[in-house]
Amino acid sequence: MEQKRGSYSMKQEGHESFSIKAAVGGVMIPIEDVRDEVFSQKMVGDGFAIEPESNDIVAPVSGTLIRIAETGHAFYIQLNQHLKVMVHVGINTLMLKGEGFHTEWEAGMPVEAGETLVTVDRDMLEEKGYNPVISVVVIDNAPGTYQYVFHENGPVKAGESVALELYGTKES
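In what follows, the accompanying structure is described.

Criteria and cut-off values
- Residues numbered from 1 in each chain as written.
- Predicted model: local features only at pLDDT ≥ 70, side-chain atom pairs only at ≥ 80, totals over all residues.
- Heavy atoms only, no water.
- 1 Å grid on protein atoms, 1.4 Å probe; cavity = no way out; pocket = protein on both sides within 12 Å on 5 of 7 lines; lining within 4 Å.
- Points joined across faces, edges and corners; volume = space filled by probe spheres on them.
- Helix = DSSP H or I, 4+ residues; strand = E, 2+ residues; numbered from the N terminus.
- Nonpolar A, V, L, I, M, F, W, Y, C, P; charged D, E, K, R; others polar.
- Buried < 20%, exposed > 50% of the residue type's maximum accessible area, 1.4 Å probe, protein only.
- Pairing = 2+ DSSP bridges.
- Salt bridge = Lys/Arg side-chain N within 4 Å of Asp/Glu carboxyl O.

Structural notes on the layout of surface pockets
A probe matching the size of a water molecule, rolled over the atoms, marks out where space remains unfilled.
Here is step 1: Reported here for the largest pocket is a volume of approximately 150 Å³.
Here is step 2: Forming the boundary of the largest pocket are Asp36, Val38, Phe39, Val44, His73, Met86, His88, Asn92, Thr93, Leu94 and Met95.
Here is step 3: Sorting the residues of the lining of the largest pocket by element identifies helix 1 (37-40) and strand 8 (83-89) as the ones contributing at least two each.
Here is step 4: Class assignment for the residues of the lining of the largest pocket results in six nonpolar, four polar and one charged.

Let's talk about the pairing of strand 12 (residues 134-140)
Here is step 1: Buried residues dominate strand 12, accounting for seven of its seven residues.
Here is step 2: Judged by which residues are buried, strand 12 turns out to be covered on both faces: Ile134, Val136, Val138 and Asp140 on one side and Ser135, Val137 and Ile139 on the other are all buried.
Here is step 3: In this structure, strand 8 lies alongside strand 12, joined through seven bridges in antiparallel fashion. Within strand 12, the residue paired with His88 across the bridge is Ser135.

Considering the pattern of salt bridges
Here is step 1: Under the defined criterion, the tally for this structure stands at three salt bridges.
Here is step 2: A salt bridge links Lys42 to Asp46, with the nearest nitrogen and oxygen atoms 3.5 Å apart.
Here is step 3: With relative accessibility at 5%, the residue Asp46 sits in the buried group.
Here is step 4: When the shortest N-O distance is used, the salt bridge between Glu99 and Lys128 registers 3.1 Å. Of this pair, Glu99 sits in the loop between strand 8 and strand 9 (101-102) while Lys128 is found in the loop between helix 2 (122-127) and strand 12, placing the two residues 29 residues apart along the sequence.
Here is step 5: Taken together, the salt bridges that share partners define one network made up of Glu32, Lys42 and Asp46.

These figures come from the coordinates and say nothing about function on their own.
Take a look at the structure:
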């Protein structure tokens, strides 16, 4: 899986591409900087993280919600048969058992990029000692099929700033 940072134009005939946008306004950081080994060591997949400046977490891509954690801290969006995008709110926030998270979404629902998935009480998370960092991870069941192009780290706008682009061969 080739990975590059910066802006590149790689659209080609017979290929598909996906733009993954910021799931929250804030500052984008490398996934390797997240203070949780599951994310920083890319055990689930590669991606990026955002230090949030907002309480509203939006869908970074359009697709189908295939799984939502009962606690509202994690969402999985299916892009195609090979790619899923996971949005994970905070570190160890599963321990809150849903406290501070509000969502109306259910598995199986279609979602458009930019739609609010969950509203989080960041102040409460931080008061209880939880890191509110948002991790956006691509779960790729066809390793090597897609090229990952990361955009520069820094300030991002929810649902607007493209953080990562994936390029691969169209499915048959």
